[in-house]
Amino acid sequence: MPTVSDILNFLNSKAPMSTKMDFDNVGLLVGLTGQEVKRILIALDITDEVVEEASNIGANLIVSHHPLFFELKSVTDSDRTGRKIVNLIRNGISAICFHTNLDAARGGVNDTMAGLLGLNDVKLLSEDGKGPDGEPYGIGR
């Protein structure tokens, strides 16, 4: 059975974390790297309802597009983000978030949206850098 680390490494091979924008927070944000993954819930955002659904269906990993948090100073049950993190940990659910690196990835969010819209001759609007493979990457198409 794959582990959280295995899933993280696979996702990183498709949308390298090194290609994220500077402000972003991507990767394993909550959880245990060695935890075996039995069921994954995919979400745009990790909301209270998503955490509850993951718990109800027995998912022990959530893969989300938007980060659970950007800058974190504490984790308590006195604020929304803290409560989500406490509930994730309490229920044995890890959280991986891939945001701007998934936007920039070849075949990622922006390429998929361009394809769904039937766009032709899709190109990068600007080059944000070069990926680990030496290929240019960028957020916009």
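Please refer to the structure placed before this passage.
Residues numbered from 1 in each chain as written. Predicted model: local features only at pLDDT ≥ 70, side-chain atom pairs only at ≥ 80, totals over all residues. Heavy atoms only, no water.

### Concerning the sheet that holds strand β2 (residues 40-43)
Ordered in space as β1-β4-β3-β2, the four strands form an open sheet in which the pairing is mixed. Strands with a single pairing partner mark the edges of an open sheet, and in this sheet they are β1 (27-30) and β2. Here the average twist between neighbouring strands, direction ignored, is 25 degrees. As paired elements, β1 and strand β4 (residues 94-97) share three bridges and run antiparallel to each other. Counterpart to Leu28 in the pairing with β4 is Ile96. The sheet strands contacting helix α1 (residues 4-14) are β1, β2, β3 (61-64) and β4, and the helix crosses β4 at an angle near 5 degrees. (Pairing = 2+ DSSP bridges. Helix = DSSP H or I, 4+ residues; strand = E, 2+ residues; numbered from the N terminus. Axes fitted to C-alpha atoms, helices over the stretch in contact; angles between N-to-C directions. Contact = heavy atoms within 4.5 Å.)

### Here's the deal with the pairing of β2
Residues Leu41 and Ala43 line the buried face of β2, whereas the alternating positions Ile40 and Ile42 sit on a face that is not buried. Viewed along the sheet, the connection from β2 through helix α2 (residues 48-57) into β3 turns out right-handed. (Buried < 20%, exposed > 50% of the residue type's maximum accessible area, 1.4 Å probe, protein only. Right-handed = clockwise from strand over helix to strand, strands pointing away.)

### Description of helix α3 (residues 80-90)
For an α-helix, 3.6 residues make a turn, and residues three or four places apart therefore share a direction. All buried positions along α3 are accounted for by Gly82, Lys84, Ile85 and Leu88. End-on view of α3: buried residues confined to an arc of 160 degrees, all on one side of the axis. Those residues of α3 that are exposed and aimed more than 90 degrees away from the buried face are Arg80 and Arg90. Between a side-chain oxygen at the N-terminus of α3 and the backbone nitrogen of Thr81 the separation is 3.1 Å; the capping residue is Asp79. Remark: Gly92 follows α3 within two positions and exhibits a positive phi of approximately 70 degrees. (Arc of directions from axis to C-beta. Polar contact = N/O pair within 3.5 Å; in protein donor to acceptor, adjacent residues only side chain to side chain.)

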